[in-house]
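# Structure assessment
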Amino acid sequence: VLAWIELDKGNLPEVERLLRESLQLHRASDAHNKDIMIAQVQADLGEVLGLLQRYDEGVQSFQESMELLDRYPDQYDRLRTRTTIKYAEMLSDMGRNAEALRMLRNVEKLISQYGAYSDLLWRIELDLARIYWRMQDVYTAALKLRIAFGIRRRLGLSNWQLIQQQITRWFASRKFARHGH
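In this report, we go over the structure that sits alongside the text. Values in this document were obtained by computation on a predicted structure and should not be read as measured data. (Residues numbered from 1 in each chain as written. Predicted model: local features only at pLDDT ≥ 70, side-chain atom pairs only at ≥ 80, totals over all residues. Heavy atoms only, no water.)

## A short note on the packing of helix α2 (residues 12–28) against helix α3 (residues 34–51)
Where α2 meets α3, the axes come as close as 9 Å, and the angle between the chain directions of the two elements is 160 degrees. With respect to their mutual orientation, α2 and α3 come out roughly antiparallel. Along this stretch, α2 crosses α3, giving a crossing that reads as left-handed. Contacts between α2 and α3 involve Leu 12, Val 15, Glu 16, Leu 19, Arg 20, Ser 22, Leu 23, His 26 and Arg 27 on the former and, on the latter, Lys 34, Met 37, Ile 38, Val 41, Gln 42, Asp 44, Leu 45, Val 48, Leu 49 and Leu 51. By residue class, the composition of the contact of α2 with α3 is 11 nonpolar, 3 polar and 5 charged. (Axes fitted to C-alpha atoms, helices over the stretch in contact; angles between N-to-C directions. Helix = DSSP H or I, 4+ residues; strand = E, 2+ residues; numbered from the N terminus. Parallel < 35°, antiparallel > 145°, perpendicular 65-115°, else oblique. Left-handed = near helix turned anticlockwise from the far one by under 90°. Contact = heavy atoms within 4.5 Å. Nonpolar A, V, L, I, M, F, W, Y, C, P; charged D, E, K, R; others polar.)

## Some points on the pattern of salt bridges
Counted by the stated rule, this structure contains 20 salt bridges. Between Glu 6 and Lys 9 there is a salt bridge; the shortest N-O distance is 3.4 Å. One end of the pair, Glu 6, and the other, Lys 9, are both in helix α1 (residues 2–9), 3 residues apart, so they sit about a helical turn from each other. One salt bridge connects Arg 80 with Asp 70, and the closest N-O pair in it is separated by 3.0 Å. Of the two residues, Arg 80 is situated in helix α5 (residues 77–93) and Asp 70 in helix α4 (residues 55–70); the sequence distance between them amounts to 10 residues. Judged by relative accessible area, which is 52%, Asp 70 ranks as exposed. Each of the salt bridges in this network shares a partner with another, and the network as a whole consists of Glu 16, Arg 20, Arg 54 and Glu 57. (Salt bridge = Lys/Arg side-chain N within 4 Å of Asp/Glu carboxyl O. Buried < 20%, exposed > 50% of the residue type's maximum accessible area, 1.4 Å probe, protein only.)

By themselves, these observations are geometric and do not establish any function.
This is the structure in structure tokens:
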């Protein structure tokens, strides 16, 4: 929770520190769901490393997360989807739009079969909009953004708050890129 408060403030180095501390605690744990907790934190760390534009480390963190999830086939699809969304966001930031698009389409098929994960579907649609925009397909990007906003509205979520969060994250990642942190 502290990591996400710091993320909302744009304090990415502190978020990284908190997530690495959380990883150490989970790895030392005897909890029965240790692998899943580690996979979740690895995905969060991958996201932050991507925002810091430390892409090689981010890819490694996401791959470790996915490897842990692969130990539990047909389980934890929600976490697998969440991780894939974050991974695809970073790949798109790296300019690997075709790969990100493929990943999102695959996970969209997976999650659509459940019908109860609207909170993840809007994120997929938002990321698809971002990728189509980067690929200069403005029409499809606008359509996907409209779908994402519609899902959020049906869920009672604020689209204005989403825009504010996206802007904060964008500026935080650009700040660290400019200063070479």
